Every structure is written in structure tokens, then in C-alpha cells.
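# Structural characterization, general
This is what each chain is made of:
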Protein chains: 2
Amino acid sequence: MIDHPAYPVEPWALRETELHLDMVAQTESVFALSNGHLGLRANFDEGEPRALSGTYLNGFYESYPLSYGEGGYGFAEDGQTLLNVTDGKLIRLLVEDEPLDVHRGRLERHERVLDLRAGQLEREVHWRSDAGHAVRVTSRRLVSFQKRSVAAISYEVEALEVPMRVALQSNLLANQRDVPSGNDPRDATALDGALVSQLSVQNGLRVVLAHATRRSGLALAAGMEHVIETDAVTTTRVENEPDLGRVTISARLDPGQRLRLVKLLAYHWSSQESVEWLRDQVDASLENAVAEGFDRLAAAQRTYLDVYWALADIELDGDPEIQQALRFALFQVLQASARVENRAIPAKGLTGSGYDGHAFWDTEAFVLPVLTYTRPELVRSALTWRHSTLDLARERARQLGLGGAAMPWRTIHGEECSGYWPAGTAAFHVNADVADAVRRYLSATGDEQFAREMGCDLLVETARLWASLGCEDDDGHFRINGVTGPDEYSALVDNNVYTNLMAQRNLLSAAACVERDPDTATRLGVQPDEAATWRAAADSMYLPYDDRLGVHPQDQDFITHERWDFEATPADGYPLLLHRHYFDLYRKQVVKQADLVMALFVRGDAFTAEEKRRDFEYYEALTVRDSSLSACVQSIVASEIGHLDLAYDYLGEAALMDVDDLERNALDGVHIASLAGAILAVIAGLGGMRDHGDVLSFAPRLPDGLERLAFPIVFRARRLRVEVTPLQAVYSVHEGDEPLEISHWGESIEVKPGAPVTCPITPAPRLPAPTQPAGRAPARRRVQG
Amino acid sequence: MIDHPAYPVEPWALRETELHLDMVAQTESVFALSNGHLGLRANFDEGEPRALSGTYLNGFYESYPLSYGEGGYGFAEDGQTLLNVTDGKLIRLLVEDEPLDVHRGRLERHERVLDLRAGQLEREVHWRSDAGHAVRVTSRRLVSFQKRSVAAISYEVEALEVPMRVALQSNLLANQRDVPSGNDPRDATALDGALVSQLSVQNGLRVVLAHATRRSGLALAAGMEHVIETDAVTTTRVENEPDLGRVTISARLDPGQRLRLVKLLAYHWSSQESVEWLRDQVDASLENAVAEGFDRLAAAQRTYLDVYWALADIELDGDPEIQQALRFALFQVLQASARVENRAIPAKGLTGSGYDGHAFWDTEAFVLPVLTYTRPELVRSALTWRHSTLDLARERARQLGLGGAAMPWRTIHGEECSGYWPAGTAAFHVNADVADAVRRYLSATGDEQFAREMGCDLLVETARLWASLGCEDDDGHFRINGVTGPDEYSALVDNNVYTNLMAQRNLLSAAACVERDPDTATRLGVQPDEAATWRAAADSMYLPYDDRLGVHPQDQDFITHERWDFEATPADGYPLLLHRHYFDLYRKQVVKQADLVMALFVRGDAFTAEEKRRDFEYYEALTVRDSSLSACVQSIVASEIGHLDLAYDYLGEAALMDVDDLERNALDGVHIASLAGAILAVIAGLGGMRDHGDVLSFAPRLPDGLERLAFPIVFRARRLRVEVTPLQAVYSVHEGDEPLEISHWGESIEVKPGAPVTCPITPAPRLPAPTQPAGRAPARRRVQG
């Protein structure tokens with residue numbers, strides 16, 4: 001956890017005003033830049049000190065054989081790991097005879113700013129060498145949202161006080177070695193020398209390197225081009241080696257004189273195109289980027305973001321720290337998804353190599369619900385990727401003896417890469433999560449073309465999976481046995497409530513889809529009685545319930561299990577998975593992350609208010625939040641039930657996960673799903689928005705201390721704005737001609753464009769606060785009294 | 001499965017009369033020689049053709065890091081694999097210019113005989129080279145039961161028809177390479193070049209090589225000495241290299257002239273002694289062996305076996321094939337255990353490297369129940385090994401957050417080596433199996449010293465494990481959740497009946513032990529109320545029961561699961577584990593091996609006769625016998641219920657498992673537990689012997705076709721002989737002065753020494769035959785009508 005007052009609270013930026021070497025790892029992640037296609041960790045221009053150097057291309061991975069102490073049929077054979085590709089961020093500076101290195105000399109000023117409206121990382125350094133030469137370095141860096149393959153750096157050095165000779169070395173470096181990883185199973189797999197040189201060329205101040213992977217069959221070309229701006233006399237030298245391009249610029253600067261280097265980077269990769277063609281693409285992208293120049297690229301970046309903020313910005317008055325964190329979250333969600341274009345959205349975006357750069361259910365269950373109501377076209381893009389993996393998922397289902405398609409638990413390219421099947425392959429709920437994202441997207445957009453071409457395929461193949469995975473018991477109940485739900489401290493359980501409810505909705509969504517579109521049903525070979533079978537399974541879906549306690553067990557046997565001894569678990573015994581064997585976690589009542597409580601949110605239509613209250617309180621006392629996917633969900637359900645202070649606390653935890661490094665693993669990259677979850681905690685939590693049917697419902701209510709919340713919702717080509725104050729909510733429609741029907745606290749209202757509707761909010765009931773496991777209460781957002 | 005009439009039926013030998021190259025792998029295992037300390041696979045003298053060359057020293061292993069696709073806390077870190085050590089079996093023959101190789105020339109006669117009374121493997125070969133030179137080779141090989149470190153080979157070559165020059169090369173070869181293994185998870189781990197040369201010396205016709213392992217810290221010395229007997233003129237040459245000793249003998253033989261080479265081998269190893277000392281031990285052993293000579297070693301071998309057969313032989317009239325198989329089984333059980341001396345008894349004995357040479361619960365649950373009533377001192381030895389691993393098991397329990405000791409699921413040295421914890425670490429029943437072996441041994445021998453020094457330790461530490469593993473539920477039941485029972489097609493279940501019943505007995509045995517011996521209880525730190533806690537847990541042990549079906553579910557949820565679709569499973573789809581993912585096996589009603597049915601046998605005191613009948617029939621229809629540990633148990637319970645034909649069929653399957661290679665994996669070594677199980681199927685099955693309390697009970701009954709069964713039982717320093725014919729049983733006591741109380745079909749009888757008691761047997765009820773899964777019925781022993 002970060003104890004420094006590292007980032008001052010301000011509305012539109014994350015700012016670092018002092019350099020703390022122990023925060024290098026974390027800042028590399030939170031200041032990382034990405035457009036969803038190309039990602040640059042916030043390594044210093046000079047490259048070091050560093051925790052993890054990172055330059056990532058979405059989908060550019062190496063595969064490697066997974067090994068097992070004892071293998072088994074159908075165990076995932078190959079792992080995939082996101083590669084740290086050719087690094088073009090490097091600009092090293094020599095001042096007279098000394099390298100600018102924050103370990104040496106004296107750092108008289110250090111500031112870095114992630115400007116959320118400019119989409120740039122800015123850095124200013126005043127440094128004095130041990131020999132006494134002082135310089136001011138100003139750099140700006142962007143990864144272009146508009147030009148998907150392009151990044152640009154403006155690097156300026158100014159001599160202070162005395163004349164001096166400086167040299168800049170601008171590098172393009174492949175196969176950089178990083179520190180070895182530890183034993184944390186969430187770490188990335190280290191593959192040294194993964195890139196094999198294919199081509200290395202220079203021309204003028206430009207160098208292009210091309211490399212290929214050894215096993216995954218991918219090739220990439222990376223290039224750098226330079227524009228020098230100075231009135232000093234410069235000499236330049238250009239070198240290229242198989243793994244290195246280097247442009248060195250030497251200049252003698254008088255005091256106040258500046259040397260500015262604009263460095264333009266371009267990356268292209270492919271599994272099919274030749275290295276030569278990729279090199280041409282890089283040269284062309286560089287040509288375009290040079291023609292634009294840094295300043296025009298920066299202006300376009302701001303324009304792109306202006307549009308985004310108008311669509312997505314959330315205003316929260318009364319807590320400027322959370323306001324800042326929410327904008328950071330919205331920015332990171334955009335960075336992870338903006339130019340993904342039919343690739344996966346990884347759990348860490350492109351900010352680090354945690355979880356090997358894999359995508360999980362996080363995407364469909366946390367990120368897409370946010371994007372659906374801000375940038376729905378990005379949801380379509382992400383689901384297009386899922387659709388493109390259907391053949392692999394069908395093959396996997398066949399291997400598992402199942403029908404339909406079995407989506408991978410974790411993957412980059414589409415193959416199952418989970419090396420521990422009880423928490424991977426068995427977590428079939430990912431299929432229903434994908435299906436629910438399809439349902440939500442279709443409901444929010446009415447995109448019939450997508451439904452026809454891809455959406456129905458996804459719904460049908462996942463429904464077929466459930467139909468084959470479950471079975472009818474002697475009492476006519478449809479049971480789903482031997483699966484793992486969201487909570488990874490249970491595994492291989494019978495009738496996980498979340499899974500069963502999500503499968504139920506999946507089956508019904510598929511039935512509705514094929515009934516609506518017989519042509520597509522025919523294309524997918526849907527048999528005449530197949531939809532009826534799905535409906536029958538959904539209608540008879542078994543949901544265990546414990547009459548004695550009046551709560552839903554997370555799975556059929558959960559409540560018969562021993563309660564975890566939280567009182568005997570020391571604070572440094574968390575996360576439990578690093579200190580306790582799975583066998584012990586699995587057989588006891590201890591919850592890593594919202595599971596039944598996730599069902600209370602996503603399938604809230606299946607529970608009464610009273611059931612939600614009892615269930616929430618029961619699981620609240622068992623949930624240790626060893627996953628970053630928990631606090632946001634607990635916040636949402638706490639809001640609904642009326643535990644507003646607790647909802648606020650969890651909102652804080654979700655929103656500050658990365659900025660405050662609450663899980664101490666921000667080195668691996670930011671937690672995109674938790675950040676998206678923080679946004680959901682505001683919209684679905686404080687705003688009380690639900691999308692169970694085709695009408696959006698709201699039940700807003702603010703905790704004490706928050707004065708105003710305003711957020712936009714894109715829905716069926718209209719823009720709805722919701723503004724909540726303690727005693728009322730105002731709904732207004734800003735685009736489109738048609739009125740929009742919504743519901744406010746259960747009451748149907750019609751909002752006409754240009755005619756805001758104001759609705760009253762009644763205060764929350766006073767409920768006794770639920771308790772958390774010993775030592776696991778969230779940090780309080782405000783002193784309660 | 002073996003289709004050749006490979007081994008003619010005869011009472012005291014296993015004989016091969018033709019060479020089938022496709023049976024080389026299997027014969028290497030079934031003709032293997034071992035004394036439990038040193039094992040030689042039955043490779044041909046000349047070394048090739050071979051499937052797997054094998055020379056094993058019990059406990060001599062290498063360790064290697066286990067890797068995981070995704071690791072987790074407490075996963076076993078290192079594997080251990082039995083090493084193929086320095087091979088002294090090799091004697092190669094050159095006839096004029098051609099090597100004797102069964103691939104070449106013409107094999108005019110080939111016979112190998114495993115003589116079960118002589119304890120020798122004999123071979124006779126008439127071979128004619130492509131150039132037309134004919135020789136007769138006669139070899140005999142033994143691994144001495146009496147001299148633990150010694151093996152001896154008598155190799156004789158005789159020139160036939162024409163004079164010829166022959167050369168013998170007697171080798172001692174380390175780091176022999178074998179063919180790479182396949183994908184079967186039951187295969188051994190291949191470690192090339194595992195032995196590092198420490199010493200290589202020659203003296204006269206003797207060579208000694210010493211090697212050490214790289215990681216496990218073990219050293220071994222192996223030596224060979226030679227005695228040449230011939231009236232021909234010979235020249236000899238002796239060579240030694242780091243990994244090779246070679247003695248070459250050349251002779252010109254006239255027709256009818258013979259060259260006999262007696263080769264003596266000695267092996268010593270240690271984790272502590274120096275290589276120099278080990279070398280001295282080898283030289284001393286060789287000196288002793290030379291002094292004895294082959295013939296005296298062979299005579300001592302026969303004497304040792306005469307004693308054994310008098311103690312252990314089972315006579316079964318009416319089925320000479322089974323009679324032969326039972327003697328083979330008794331011989332293999334002896335080979336696996338005779339000179340183990342405080343080391344483990346591996347699942348394959350020392351006949352192959354299957355399962356990496358690991359010991360499992362097989363030892364305590366299958367092998368020791370046989371040895372208890374024939375060679376109880378070997379049980380003491382095997383349990384002494386378990387006792388010696390207690391510190392490791394205590395440490396493992398602590399790592400798992402448990403009390404007491406957690407025995408490894410599989411190991412050579414004592415550390416947990418299971419690389420797949422759901423079928424390893426979670427199979428806690430191994431602890432109760434060890435405890436039950438202790439209970440049985442103490443009951444059968446009254447060995448108070450063992451109880452004091454080791455037995456009570458084992459009972460107490462395993463009882464403590466159960467006390468910490470289980471929990472009391474709201475209804476006051478003691479539950480054991482999240483464990484894996486014997487059936488490996490289920491995992492991580494709640495309240496496995498076998499486990500709960502065995503834990504119950506374990507808890508009661510420990511309580512009785514500490515109550516009987518307060519001093520030992522004090523030494524073990526047993527708290528005043530601890531035994532009471534164990535009794536309370538045992539008394540309230542939860543046993544699930546399905547009222548609707550009137551059967552015990554294998555575990556609490558088993559019967560709610562979908563039934564495996566046996567009808568849709570093709571014959572070549574077995575064993576299922578090689579064709580189906582564990583996830584699917586685990587969540588369906590399909591049983592790899594007797595589990596609930598194992599409980600019906602071992603804890604038969606916990607079930608009524610009617611429950612046994614219903615339970616047996618229910619599980620019979622679900623049990624596919626993909627494990628060799630199943631048929632014998634099914635045979636025993638079928639006997640008890642009265643399904644005598646079925647019991648007979650399963651007896652055949654268990655007894656012929658290796659001789660007929662029923663599981664097609666005899667390459668890996670013989671199935672010691674199945675062979676022991678075949679003996680149990682006779683004694684506990686046909687003989688109906690049970691040892692639930694301190695009085696042995698019998699309920700003998702023969703299936704149609706068997707005329708007489710006689711077997712000895714060593715019990716509390718007496719020898720009981722049981723002779724069963726279709727209508728009566730005769731019990732006689734042959735040693736000791738005291739009468740022995742036993743029970744016959746529930747009736748208590750007293751058998752006085754020298755006064756046999758004859759009791760009547762009533763015929764079995766006519767019951768409808770239970771059914772097996774489609775295609776999984778056992779082969780019939782007789783045509784039924």
C-alpha cells in the first residue's frame with residue numbers, strides 16, 4: 001500500500017512531484033500509455049532505474065509448453081505469454097561525461113504528470129551532475145489513439161548555468177533482459193531472447209528492426225524516426241544491429257540553449273504478412289507521423305479524448321480523491337480498449353505483463369458493461385474477437401466431451417492456457433459471462449447485424465455447452481455439477497448459484513435469439529426442438545437454498561462446510577492463496593471474491609430484496625477480497641441494500657486499487673476490471689442502474705458526504721444524463737428524437753429529449769452494518785458517527 | 001492382453017517356451033528377480049532386445065523439481081524417481097564373428113523358467129549363427145534372499161557340431177540409456193546420465209564402480225567378480241572406465257566343450273557412508289559370494305523358499321491356472337518385501353520403474369494384510385519405514401495447516417511427490433490405511449514392543465490428523481470435507497464413506513492405544529482429554545445414506561450426479577483417464593476402483609448384510625476397473641454376498657493381471673497390490689476371513705468348479721491351517737500350545753493344537769447376478785449354466 005502522499009488530488013491528472021525509488025514499479029504501471037493496440041510502460045526515458053521494461057503489442061505473444069508434475073487428458077498443452085517487444089522508448093542522455101541517472105548527481109526537480117485530457121505523460125527533470133553540470137529535461141510521450149501504430153516522444157534538454165556538451169542516444173532495442181520473476185503464480189512467464197532478428201535497416205535518422213517469434217509464428221516490425229530541433233551545431237551517428245538501432249546526437253549547448261528531439265515510433269505485426277511488408281508498413285506509418293509532427297499528433301490526441309470525456313465523464317462532488325480516481329479509471333478503461341480492434345482486452349490492459357497478458361472473464365463481466373453505455377462500438381469489437389475464437393472453443397468443447405463451445409478461462413489467442421484446471425477449465429461460467437455481454441450489447445444497441453453475424457452464434461454455442469454440461473435429476477431439476485464459480489477459494493462444486501443463474505439467462509437469451517431470427521438459427525444448425533430444450537433447462541434450473549439460515553449457499557454444499565478461522569489468520573496471512581493450500585481453502589467457508597454476491601448484482605432479478613439483504617450479510621462475513629474483482633461488486637450490492645457507507649468504502653477500495661497499490665502488485669500492471677468495477681460501483685451502485693430487461697432501471701442514492709453525482713449513458717442511439725443529488729435525481733435525454741422509457745426506484749418514467757425529469761429520492765433505511773472477517777474491513781471513506 | 005498360450009500351466013513355475021518379441025516388455029517384468037532390496041529385470045543376458053533395462057536398489061532415487069503450469073502453495077516441490085542403477089546382468093556372447101542376437105541367425109530353442117521353489121530364472125537357448133555355428137547357452141540367475149546385496153549368474157556356453165572360438169563380455173554398465181517414455185501419466189520420469197562416477201577400479205577379474213546422484217545425495221557401489229570353469233584354454237582381458245567395467249573371456253571350444261562363467265554381483269548404497277566404505281562393502285560381499293559359489297548360493301535360496309512356502313502356500317484344487325497364478329503372486333509379494341528392511345515397498349516392487357518406483361497406500365491396504373498372516377516380521381519392517389518418515393509427515397501436516405502427521409500419497413523417501421494434488425495430497429485416507437495396518441499387525445502379533453516404540457506413534461499422529469481435518473456440524477456430526485477417496489474418478493468430495501469409516505477406526509485405535517499405554521501417551525504429548533475427543537469424533541462420524549435408493553453414496557453428493565454414459569463409451573475408450581478429462585469423470589457416477597465396496601470389505605463391521613448386498617450391486621454397475629486395485633476387492637465382497645461365480649471371475653482377473661498383462665502395462669513392472677489382492681481374494685474372499693476385532697472370523701464357501709482350498713494363517717505365534725471343501729471347512733492349529741478361538745460363519749469355535757475342528761458349510765443363496773457397465777464384465781472363469 002502506498003503511504004506517500006504521492007499523487008496530489010486534482011481533477012484531471014495524476015501527478016508525481018517527487019521521485020521515490022520504491023515506487024518505480026508502481027508508477028511504471030499507473031503512468032503507462034496505451035491505445036489498446038500498443039502499450040508503453042512508464043519507464044524513464046533513459047530506461048533505468050526500472051522494475052519492468054515493457055512495450056506491448058496486443059496479441060503479440062509467444063507460446064511455450066506447459067509442464068505438469070502429473071499431467072492428464074485435456075490439460076492445456078501450451079501457455080501463451082505477452083512479449084515485451086522492441087523498445088523504442090529509450091532516449092539516454094550524456095551530460096559531458098556523465099549519464100543522466102537519478103541514482104547519480106542531484107535531482108533538483110522531478111515531476112511526472114499523466115494528463116487525462118491530453119492523453120500524454122509529461123516529465124520535467126532538473127538534474128545536476130556530480131561534476132556540477134545542470135540541465136533541465138522536458139519530455140512528453142503519447143501513444144496515439146488516432147494512429148493505432150504510432151507513439152511519439154518529444155525530448156528536450158536545456159543547458160543551465162554553464163556551457164556543456166551533451167549527447168542523446170535514441171535506441172530501438174529488442175530482447176532486453178528483465179529481472180527474473182518470483183514465485184507468485186500471478187507473475188508472468190519469463191522467456192529470454194524470444195525475438196529472432198529478421199531484418200535490421202537504417203536510412204537517414206530512421207532505423208527499422210523486424211523480429212519473429214520462435215513458436216507462435218508471429219512477426220513484428222518496429223521503427224523509429226527522428227526530427228532534431230535546435231540552433232546548436234549537432235553531429236549525428238546512426239547504427240543498426242540485429243537487436244539494436246541507435247541514433248546518437250551530439251551538441252554543444254550554451255546556457256539556456258536547447259536541443260529538442262522528436263522521436264516517432266511505429267509498430268506493425270502479423271501472423272501472416274511477410275516481414276518485408278511489415279517493414280513497409282512501419283516506414284509508411286513513420287512517414288505519416290513525421291508529416292504530422294509531434295504537436296499535431298498531440299492535438300489530435302486531445303480531440304479524441306474530448307469526445308470521450310463528453311461521452312463518459314462521471315462527475316462526483318464531495319470527494320475529490322474519488323473524482324480523480326474515477327477519471328483515472330475511465331482513462332485506463334479507454335486505454336485498454338480504444339483500438340483493440342478484434343483482439344482481446346487483457347486483464348492488465350497493456351500496462352504490464354501480469355497474468356502473462358491474458359484475457360479472462362474480467363473483460364465481459366466488468367469492462368464491457370462499462371463500455372456498453374459509453375463506447376458500444378468497442379464492445380462489438382471485443383465480442384468480435386470472442387466470435388473469432390469460436391472454432392477453437394468448439395474444438396475445446398469436443399475435447400471435453402461437451403457440446404457447443406467452451407471458451408478458454410485465460411488466453412491471448414483463443415486456446416485454453418490455464419495450467420491449473422480446477423480454477424481454469426472448470427470455471428465454465430466464463431461462457432455465460434460472454435453470453436451476457438452479448439445480450440447486454442444487443443439490448444443497449446439493437447445492433448441486428450451483429451446479432452445475425454456473430455451475436456447469435458455466441459449465444460447458441462454457449463447455450464449448447466450448458467445443455468450438455470448440465471443434467472436433469474430425478475426431481476426434474478436441471479443441475480450443473482462439478483464446476484468452479486467466480487470465487488476461487490471454492491472449486492469443483494455442484495450447483496454454484498452464480499453459474500446456474502447465468503447459465504439460465506444464457507439459455508433463455510439463446511432461445512430468444514433463434515426464435516427471433518430463424519435464418520440464423522438454420523445457419524447454426526439449431527434443431528427444431530433445441531430452443532425448447534434450452535427453455536426447459538432454464539425453467540427447471542436448480543437453485544439451492546438453505547431454509548435453516550434463510551440464505552442461498554454459494555453452491556449446494558457450501559454452507560455445510562467449516563467456517564474459516566479468520567480470527568486465527570494473521571494480517572500477513574493474506575492473500576490466503578500464498579499461504580494456504582487450495583485443499584483447505586476449498587473445503588471451508590471462505591470467499592476470495594464476490595460470487596453469490598455477484599449473482600445478487602448481475603442476476604438481481606432472481607432474488608427478492610429480503611433475500612439479497614440476508615445473502616449479502618452472510619457472505620460479507622466470509623469474503624476476504626483476495627481478488628481485485630470483489631470490492632466493486634460488494635459496493636454495488638451494498639448500495640442496493642442500503643449499506644451506503646459500506647458501499648462508499650468499497651467504491652474507494654475499487655477506485656484506489658492501483659493508485660494506492662492496495663494489493664501491492666501494481667508492478668504487474670493496473671487492474672482494468674477493478675477500475676471498470678469502480679465505474680460500475682458508481683453507475684450501478686450509487687446510481688442503482690440495472691439492465692435486466694430492455695428497460696434501464698435506476699435506483700440512485702448517495703451516501704453521506706457525497707453531494708452530487710452525474711453520469712452519461714449511451715443507450716439505443718440516445719444519450720441519457722443522470723444527475724443525482726441527495727434528495728432527487730434528474731434524468732435528461734440529449735440525443736435522438738424519441739423519448740426514452742426508464743424506471744426510477746421501480747416507477748416507470750418517460751424522458752423526452754430536451755425535457756429533463758426530476759424524481760425524488762427517499763433516504764436509505766437505517767440498517768445495522770454488516771461485518772467483515774476479522775481484519776478485512778475496508779478502509780473507511782469518512783468518519784462515521 | 002496376452003493372446004499367446006505363453007506360459008503353460010504348471011504348479012511351481014512360470015515357463016516361456018517360445019520367444020515372442022512383442023512380449024519382451026512383459027516378460028522382463030514377470031520374470032524379474034528381486035529380494036526387496038535389489039531387483040533385476042529379466043533382461044536377456046546379452047542385454048538386447050530389451051524394452052526397459054532395469055537394475056534397482058530399493059530407496060535409491062534421484063529427485064528432480066516438479067513443475068506446474070500454474071503452481072500453488074504447498075504443491076509438492078520435488079519428484080523422486082527410482083534410478084536404473086549400474087547394470088551387472090550383462091553377459092554378451094560373440095560366436096566366431098557374430099554376436100548372439102535373437103534377431104539374427106536362427107533360434108532353434110528358447111526356454112525361460114521362473115522356478116518358484118528355486119527362486120531362480122533359468123534360460124536355455126540353442127542358437128545357430130547366420131554363418132552356421134551352433135551353440136547351446138544355459139544361464140541361471142538369482143537375487144539372493146539370504147545375502148541381501150548379492151546376485152549371481154551362472155552362464156554356460158557349449159559349442160555344438162563344429163569347433164569355434166567364442167568370446168564372453170561380462171559388463172558392469174552405468175548410465176545406460178533407455179527409450180524415451182510416452183504420455184501415459186503412469187510412466188516413469190526419465191533422467192539421463194543421473195549417475196556421476198566416483199570411482200572405477202579393477203583387480204583380477206573384479207571391477208567395482210561407484211557413483212553418486214546429483215541432487216538426492218545418494219552414493220552406490222556395484223561390483224562384479226568372475227569365476228571361469230572350463231577345460232578350454234581361455235584368455236581374459238579386464239577393463240574399467242568411469243561408467244563401464246568389462247571382463248572379456250575368449251576361448252576356443254570343440255564340439256561338446258563348455259565354457260562356464262559364474263558372475264557374482266554385489267551392491268551397496270547409502271546416503272551417509274563414503275564411497276570408499278561402500279566400495280569396501282562391495283568387495284567384502286563379493287568375497288563372501290565367491291567363497292559360497294553359485295551352487296551354494298542357489299541351495300540357500302531354495303532353503304529360504306522352502307520355509308516361505310511352508311508358511312504361505314495356498315493350495316487350490318480345481319483350477320490349475322489360478323493355482324499357478326496364486327503361487328506366482330505369493331512369490332512376487334515375497335520378492336517385493338523379503339529384504340526391504342525399513343524401506344518402502346513400491347507399487348511395482350523392484351520389477352520395473354512404473355509410477356517412478358513410488359510406494360502408495362497399496363502397501364498398507366493390500367500387501368501388509370497378506371504379510372501379516374504369513375511373514376509378520378516383514379510388516380513390522382515396512383511399518384518401521386513409515387515410522388521413520390513421521391517427521392516429514394508432521395512437517396507436511398503443518399504445511400497443510402493440520403495437526404498430527406500427513407503421510408505422502410506417493411513417495412520413495414518420505415516426502416510428498418504427488419504432482420497432482422486432487423488425487424494426491426487430498427487422498428488423506430492413506431493415513432487411516434497406515435493406521436489400520438498397524439492395528440492389524442498389533443492384533444495379529446501382540447507385539448507390545450512395536451506398539452510402544454512405533455505403533456502408537458503412528459496411530460496417534462494419524463488420529464490427530466483426522467481430528468484436525470474434520471469438523472463437527474450443527475447437528476453434532478463429525479464431517480470430513482474436501483478429500484479424495486480410493487476411487488480416483490472422484491475427487492475433493494465431502495464425507496467419502498470409506499475415508500470416514502477408516503478415520504473412525506483410526507481414531508478409536510489411537511484412543512485404545514494411548515489408554516492402554518499411558519507412558520507412551522505421555523511421551524507423545526497426548527493431552528488428558530485428547531483420546532476422549534477422538535472417541536467423540538469417531539462416535540459421531542457422519543455416514544451419508546440415500547434413503548430413496550437404500551444405498552450408501554460413495555460420498556455425500558455422489559448419487560445426485562449424472563450416471564456415466566457407459567453405453568456410449570467404446571471399448572477402446574478405456575482406461576477412461578487416458579481419454580476423458582478429469583472434470584467430467586469427477587462430476588459423474590463412474591467408479592475407477594472399489595471405494596465404497598472397499599469399505600464393505602475393510603469396514604464390513606459397519607454394514608448389515610442387506611446393506612452390503614444393495615451397495616455392492618449399486619456400485620458394481622458403475623465400476624469400470626481402470627485400476628488394478630479393484631477386481632480383488634470386488635471378488636472379496638462378491639464372495640461374502642454370495643455371488644460366487646462373480647467372485648471367481650474377479651479372482652481370476654486379479655491373479656492373472658500380470659501373467660496375462662490384462663492392463664497392457666506390465667512393461668512398467670508387476671502390480672504387487674493386485675497380486676496381493678488375489679491372495680486376499682482367496683483368503684478373505686473364498687475363505688471369508690475377517691479381522692475386525694481380535695478374533696479371526698471365517699465364512700468360507702467355494703464357487704462351483706473349485707474342489708479344495710487350503711491356506712495357512714500365522715496368528716499370535718500359532719499356525720492355523722484352513723482347509724475348505726464344498727461342504728465343510730477343517731481348522732487345525734500347528735504351532736504353539738494354546739488353543740485358538742476363531743469364528744466360523746458367525747459361530748465361535750476353539751481349535752486346539754493337534755485337534756482339527758470340522759465345520760459344515762451351507763451352499764450360497766441363489767442371487768440374481770449383478771451387472772457391470774456395458775463391456776466391462778470380467779472374463780468368465782467357467783461356462784455357467
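Parameters and conventions
- Residues numbered from 1 in each chain as written.
- Chains lettered and ligands numbered in written order.
- Predicted model: local features only at pLDDT ≥ 70, side-chain atom pairs only at ≥ 80, totals over all residues.
- Heavy atoms only, no water.
- Pairing = 2+ DSSP bridges.
- Helix = DSSP H or I, 4+ residues; strand = E, 2+ residues; numbered from the N terminus.
- Axes fitted to C-alpha atoms, helices over the stretch in contact; angles between N-to-C directions.
- Salt bridge = Lys/Arg side-chain N within 4 Å of Asp/Glu carboxyl O.
- Buried < 20%, exposed > 50% of the residue type's maximum accessible area, 1.4 Å probe, protein only.
- Parallel < 35°, antiparallel > 145°, perpendicular 65-115°, else oblique.
- Left-handed = near helix turned anticlockwise from the far one by under 90°.
- Contact = heavy atoms within 4.5 Å.
- Nonpolar A, V, L, I, M, F, W, Y, C, P; charged D, E, K, R; others polar.
- Lys, Arg positive; Asp, Glu negative; His and termini not counted.
- pLDDT = per-residue confidence, 0-100.

## A short note on the sheet that holds strand β27 (residues 718–725) of chain B
Residue and element names in this part refer to chain B. A sheet is described by the order of its strands in space; here five strands give the open sequence β20-β26-β27-β28-β31, paired in antiparallel fashion. The outermost strands of the open sheet, each flanked by one partner alone, are β20 (315–317) and β31 (757–760). Put simply, the sheet's adjacent strands are angled 15° from each other on average, direction ignored. As paired elements, β20 and strand β26 (residues 708–715) share three bridges and run antiparallel to each other. What sits directly across from Asp317, in β26, is Arg708.

## A few points about the pattern of salt bridges
What the rule picks out here adds up to 142 salt bridges over all chains. Here Arg252(A) ties to Asp254(A) by a salt bridge, and the two come within 3.8 Å at their closest N and O atoms. The partly exposed category is assigned to Asp254(A), whose relative accessible area is 40%. Taking the shortest distance from any N to any O, the salt bridge between Asp319(B) and Arg781(B) comes out at 3.0 Å. Taken together, the residues Asp319(B) in the loop between β20 and α3 (320–337) and Arg781(B) in the segment after β31 connect sequence positions 462 residues apart. For the pair formed by Asp319(B) and Arg781(B), the shared burial category is buried. Here the residues in one salt-bridge network are Asp436(A), Arg439(A), Arg440(A), Arg505(A), Arg603(A), Asp605(A) and Asp691(A), joined through shared partners.

## Some points on the packing of helix α8 (residues 448–469) of chain B against helix α9 (residues 497–516) of chain B
Residues and elements named next belong to chain B. For the pair α8 and α9, interaxial distance at closest approach is 8 Å and the crossing angle is 130°. Considering the angle they form, α8 stands oblique to α9. In terms of crossing hand, the pair formed by α8 and α9 is left-handed. Contacts between α8 and α9 involve Cys456, Leu459, Val460, Thr462, Ala463, Trp466 and Ala467 on the former and, on the latter, Thr499, Ala503, Asn506, Leu507, Ser509, Ala510, Cys513 and Val514. For the contact of α8 with α9, a count of residues per class yields eleven nonpolar, four polar and no charged.

## With respect to the sheet that holds strand β16 (residues 219–230) of chain B
Adjacent strands of a sheet pair through backbone hydrogen bonds, lying either parallel or antiparallel. All names here are of chain B. Pairing is antiparallel across the open sheet formed by nine strands, whose spatial order is β1-β9-β10-β11-β12-β19-β16-β15-β14. Pairing within the sheet leaves two strands with one partner each, and these edge strands are β1 (13–16) and β14 (195–203). Pairwise comparison of adjacent strand axes, ignoring direction, gives a mean angle of 15° for this sheet.

## A look at the side chain of Lys348(B)
Residue and element names in this part refer to chain B. By the element assignment, Lys348 lies in the loop between α3 and α4 (362–372). Among buried Asp, Glu, Lys and Arg side chains, Lys348 stands out as unpaired, with Asp668 the closest opposite charge at 5.1 Å. In this structure, Lys348 is in contact with Gly354, Tyr355, Asp668, Gly669, Val670, His671 and Ile672, ignoring residues within four places of it in sequence.

## Considering the packing of α3(B) against helix α17 (residues 672–686) of chain B
Residue and element names in this part refer to chain B. At a closest axis distance of 9 Å, the pairing of α3 and α17 adopts a crossing angle of 130°. Here α17 runs oblique to α3, going by the angle between their axes. Our pair here, α3 against α17, has a crossing hand that is left-handed. On α17, the residues that touch Leu326, Phe328, Ala329, Leu330, Gln332, Val333 and Ala336 of α3 are Ile672, Leu675, Ala676, Ala678, Ile679 and Val682. Here the residues of the contact of α3 with α17 are counted per class, giving twelve nonpolar, one polar and no charged.

## Observations concerning the confidence of the model for chain A
In this model, chain A carries a mean pLDDT of 95, and residues with pLDDT of at least 70 account for 97%. In the predicted assembly, ipTM is 0.92 and pTM is 0.94.

## Describing the pairing of strand β18 (residues 244–253) of chain B
Residues and elements named next belong to chain B. Where burial is concerned, most of β18 is hidden: eight out of the ten residues are buried. Bridge analysis of strand β13 (residues 164–173) against β18 gives ten bridges, and the strand direction is antiparallel. Bridge assignment links Met164 to a residue of β18, and that residue is Leu253. Direction of pairing for strand β17 (residues 234–241) relative to β18: antiparallel, over a ladder of eight bridges. Bridging across to β18, Asn240 finds its partner in Gly245.

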